[in-house]
Amino acid sequence: AVGASKRTLSRRVNDVLGKTPLSYFQDLRVEQAVHLLKTTSDSVEEIAAKVGYSDGVTLRNLLRRRLRKGVREIRAAN
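An account of the accompanying structure is given in this report.

## Overview of the pattern of salt bridges
Then, in step 1: This model, assessed by the stated rule, comprises four salt bridges.
Then, in step 2: For the salt bridge of Lys-19 with Asp-27, the shortest nitrogen-to-oxygen distance reads 2.4 Å.
Then, in step 3: Using a relative accessible area of 27% as the deciding quantity, one classes Lys-19 as partly exposed.
Then, in step 4: Measuring nitrogen to oxygen at the nearest pair gives 2.2 Å for the salt bridge that ties Asp-27 to Arg-66. Linking Asp-27 in helix H2 (residues 21-39) with Arg-66 in helix H4 (residues 56-67), this pair joins segments that are 39 residues apart in sequence.
Then, in step 5: Salt bridges sharing common partners tie together Lys-19, Asp-27 and Arg-66.

Here you go:
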């Protein structure tokens with residue numbers, strides 16, 4: 001769709017953003033999930049589905065790995 005090979009696209013994204021395409025999209029999903037955790041009372045499962053993950057476990061693991069915080073800590077930081 002963008003007219004470039006996977007490798008070329010990956011190199012260009014890395015050159016501009018300093019991260020892989022996967023890392024970039026995970027950052028966007030984490031940012032949106034944190035916003036939803038702070039501003040809604042939706043369950044982690046619902047938020048995971050809204051940001052593009054199949055289950056809450058994946059989202060919880062990603063939040064813990066990227067932010068070093070759990071869902072309770074993020075919600076409490078309002």
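After that view of the structure, there is still more to cover.
## Section: the environment of Thr-40
Then, in step 1: The residue Thr-40 is located in the loop between H2 and helix H3 (44-51) in this model.
Then, in step 2: Its relative accessible area of 26% is what places Thr-40 among the partly exposed residues.
Then, in step 3: The sequence separation of Thr-40 and Arg-75 amounts to 35 residues, and the corresponding C-alpha distance is 9.3 Å.
Then, in step 4: Sequence-distant contacts of Thr-40, that is, excluding residues within four places in its chain, are made with Ile-47 and Arg-75.
Then, in step 5: Within the structure, the side chain of Thr-40 is placed 3.3 Å from the backbone nitrogen of Asp-42, a separation counted as a polar contact.

## As for the packing of aromatic side chains
Then, in step 1: Summed over all chains, the structure comprises one aromatic pair.
Then, in step 2: Consider the rings of Tyr-24 and Phe-25, whose centres lie 5.4 Å apart with planes at 70 degrees: the pair is edge-to-face.
Then, in step 3: Directly above the aromatic system of Tyr-53 lies the positively charged group of Arg-29, at a separation of 4.7 Å from the ring centroid.

## With respect to the packing of H2 against H4
Then, in step 1: Remark: H2 packs on H4, axes separated minimally by 11 Å, with the N-to-C direction vectors making an angle of 100 degrees. For the element pair H2 / H4, the angle class is roughly perpendicular. Touching Ser-23, Gln-26, Asp-27, Val-30, Ala-33, Val-34 and Leu-37 of H2 are Leu-59, Leu-62, Leu-63, Arg-66 and Leu-67, all from H4.
Then, in step 2: Residue classes in the contact of H2 with H4 are distributed as eight nonpolar, two polar and two charged.

About the thresholds
- Residues numbered from 1 in each chain as written.
- Predicted model: local features only at pLDDT ≥ 70, side-chain atom pairs only at ≥ 80, totals over all residues.
- Heavy atoms only, no water.
- Salt bridge = Lys/Arg side-chain N within 4 Å of Asp/Glu carboxyl O.
- Buried < 20%, exposed > 50% of the residue type's maximum accessible area, 1.4 Å probe, protein only.
- Helix = DSSP H or I, 4+ residues; strand = E, 2+ residues; numbered from the N terminus.
- Contact = heavy atoms within 4.5 Å.
- Polar contact = N/O pair within 3.5 Å; in protein donor to acceptor, adjacent residues only side chain to side chain.
- Phe/Tyr/Trp six-rings, centres within 6.5 Å; stacked < 30°, edge-to-face > 60°.
- Lys NZ or Arg CZ within 6 Å of the ring centre and 35° of its normal.
- Axes fitted to C-alpha atoms, helices over the stretch in contact; angles between N-to-C directions.
- Parallel < 35°, antiparallel > 145°, perpendicular 65-115°, else oblique.
- Nonpolar A, V, L, I, M, F, W, Y, C, P; charged D, E, K, R; others polar.

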